[in-house]
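So the chains spell out like this:
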Amino acid sequence: MTAAVSDCLFCIEGHMPAGRDESMGELFETCPACRIPCGFCDGIAVYPTNYDTPTELVIDLLTLRLAPVFCPGCYGVIAVISLGSSL
Ligand SMILES: [Zn+2]
Ligand SMILES: [Zn+2]
């Protein structure tokens, strides 16, 4: 696909809504139609819209005893792991 970003019907500047997560809120993902998928995660990573920085997400999830796993290629979230229920 060589369509210009502004011509893509599926996304806004390469970002596509990807539903909602119980712990992370609204998510978006990289548009597979106009962006090359990340070589590390194959484009499965999602990005929470409510957070400006990964640090904010880490802190918020920590209060839920969860930890995000970031893709080393695109810095999206590829998994959320449970830290267990006891401190
Ligand atoms: Zn697109
Ligand atoms: Zn990635």
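Residues numbered from 1 in each chain as written. Chains lettered and ligands numbered in written order. Predicted model: local features only at pLDDT ≥ 70, side-chain atom pairs only at ≥ 80, totals over all residues.

**Examining the confidence of the model for the protein chain**
Residue-level pLDDT values for the protein chain average 90, and 91% of them are 70 or greater. Looking over the protein chain, one finds the lowest element-wise mean pLDDT in strand β1 (residues 15–21), namely 94, and the highest in strand β4 (residues 66–70), namely 97. (pLDDT = per-residue confidence, 0-100. Helix = DSSP H or I, 4+ residues; strand = E, 2+ residues; numbered from the N terminus.)

**With respect to the environment of R20**
Looking at the element boundaries, R20 is found in strand β1. Taking C-alpha positions, R20 is 9.8 Å from T49, a pair spaced 29 residues apart along the chain. If we skip the residues at most four places from it in the chain, R20 touches G25, E26 and L27. (Contact = placed C-beta atoms within 7 Å.)

**So, the nonpolar core**
Of all hydrophobic cores here, the largest spans seven residues; its members are M24, C41, A45, V46, L57, L61 and V77. For L57, the residues in contact, after removing those within four places along its chain, are M24, P48, Y51 and P68. (Core = buried A, V, L, I, M, F, W, Y, C linked by C-beta atoms within 7 Å. Buried ≥ 20, exposed ≤ 12 C-beta atoms within 10 Å, placed from the backbone.)

**Quick word on unusual backbone geometry**
We note that D42 has phi near 60°; this positive angle belongs to a residue other than glycine. By the element assignment, D42 lies in the loop between β2 (25–30) and β3 (46–48). Within the chain, Y75 stands out as a residue other than glycine whose phi angle is a positive 60°. On the basis of neighbour counts, which here come to 13 C-beta atoms within 10 Å, the residue Y75 falls in the partly exposed class.

**So, the pairing of strand β5 (residues 77–82)**
Strand direction decides the pairing type here: β4 and β5, joined by five bridges, are antiparallel. The residue of β5 that forms the bridge with A67 is I81. Linking β4 back to β5 in an antiparallel pair, the connection comprises six residues, with Y75 at a positive phi of about 60°. (Pairing = 2+ DSSP bridges.)

**Focus: the environment of I44**
When you line up the elements, I44 lands in the loop between β2 and β3. Classification of I44 as partly exposed rests on a count of 17 C-beta atoms within 10 Å. Along the primary structure I44 and V77 are separated by 33 residues, whereas in three dimensions their C-alpha atoms are 8.5 Å apart.

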